[in-house]
Amino acid sequence: MERIAGGPPDVVFLDLQMPSPDKLNAFEVIASIRRMYPELPVLVLSGDSEEASGVSAIIAGASGFLTKTAISDDIKEAVSTVLAGRRFLSKKTSDLLLEKTLLKSSALPLAKLSNRELQVLRLISENITIKEIAFNLGVSDKTVGTYRDRIYEKTGTNSLVAITRYAIEHKLLK
């Protein structure tokens, strides 16, 4: 954010896994950029799949999403597209976004999880303790417990093992 405030670039490349000194997750960074520079294109790069992070990044306000395995032609196309003021969506991300939008009002639990709930779900599924998650996110143990309880309710699960199984079934893990 400091680099952007020093004079906004033409486009921001944001790695979802890049640690933030102020403990913001990548989705919060996107939201901050949108508030400060609504027209600044933000391309998200991730080792995660489009299923795991692509749709969430677009919904959070990213201008485009690329996996780290993208070929140079895709990167060039993405940059050209967002610099022209449009969103860059791969066919797969576009299909997933459409599916999520169409199913948002249905009973599909995954569509009802917030970005933070998805983040907590992934961390829990990686066998990270509630205390560690709270510390890493800069929130209280109770707040993480509340997210966990919401995840249980929205996914129809009732244990950490069930959450992990759910994450695996929905390809939410790396």
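This report concerns the structure included in the present document.

Criteria and thresholds
Residues numbered from 1 in each chain as written. Predicted model: local features only at pLDDT ≥ 70, side-chain atom pairs only at ≥ 80, totals over all residues. Heavy atoms only, no water. Helix = DSSP H or I, 4+ residues; strand = E, 2+ residues; numbered from the N terminus. Buried < 20%, exposed > 50% of the residue type's maximum accessible area, 1.4 Å probe, protein only. Contact = heavy atoms within 4.5 Å. Areas by Shrake-Rupley, 256 points an atom, 1.4 Å probe, with all protein chains shown as cover. Axes fitted to C-alpha atoms, helices over the stretch in contact; angles between N-to-C directions. Parallel < 35°, antiparallel > 145°, perpendicular 65-115°, else oblique. Nonpolar A, V, L, I, M, F, W, Y, C, P; charged D, E, K, R; others polar. Polar contact = N/O pair within 3.5 Å; in protein donor to acceptor, adjacent residues only side chain to side chain.

Topic: the overall build of the chain
Counting secondary structure elements, the chain contains 10 helices and three strands. Its helices and strands taken in sequence order, the chain reads α-β-α-β-α-β-α-α-α-α-α-α-α from the N to the C terminus. Looking at the chain residue by residue over its 174 residues, the buried ones come to 44%. A sequence separation of at least 24 residues applies to 58% of the contacts in the chain between residues at least 6 apart. As displayed, the chain offers around 9800 Å² of accessible surface, 56% of which is attributable to carbon and sulfur atoms.

Some thoughts on the packing of helix H7 (residues 115–125) against helix H10 (residues 160–169)
Across the interface, H7 lies against H10 with an axial gap of 9 Å and an inter-helix angle of 110 degrees. In this view, H7 runs roughly perpendicular relative to H10, as classed from their interaxial angle. In contact with Leu 121, Ile 124 and Ser 125 of H7, H10 contributes Leu 160, Ile 163, Thr 164, Tyr 166 and Ala 167. A per-class count over the contact of H7 with H10 returns six nonpolar, two polar and no charged.

Some words on unusual backbone geometry
Here Asn 127, not a glycine, exhibits a phi torsion of approximately 65 degrees, which is positive. Within the fold, Asn 127 resides in the loop between H7 and helix H8 (130–137).

Details of the side chain of Ser 63
Structurally, Ser 63 can be placed in the loop between helix H3 (50–60) and strand S3 (64–67). Separated by 3.1 Å, the side chains of Ser 63 and Arg 34 make a polar contact. Once residues within four sequence positions are removed from consideration, Ser 63 is found in contact with Arg 34, Leu 40, Pro 41, Val 42, Ile 58, Val 82, Arg 86, Arg 87 and Phe 88.

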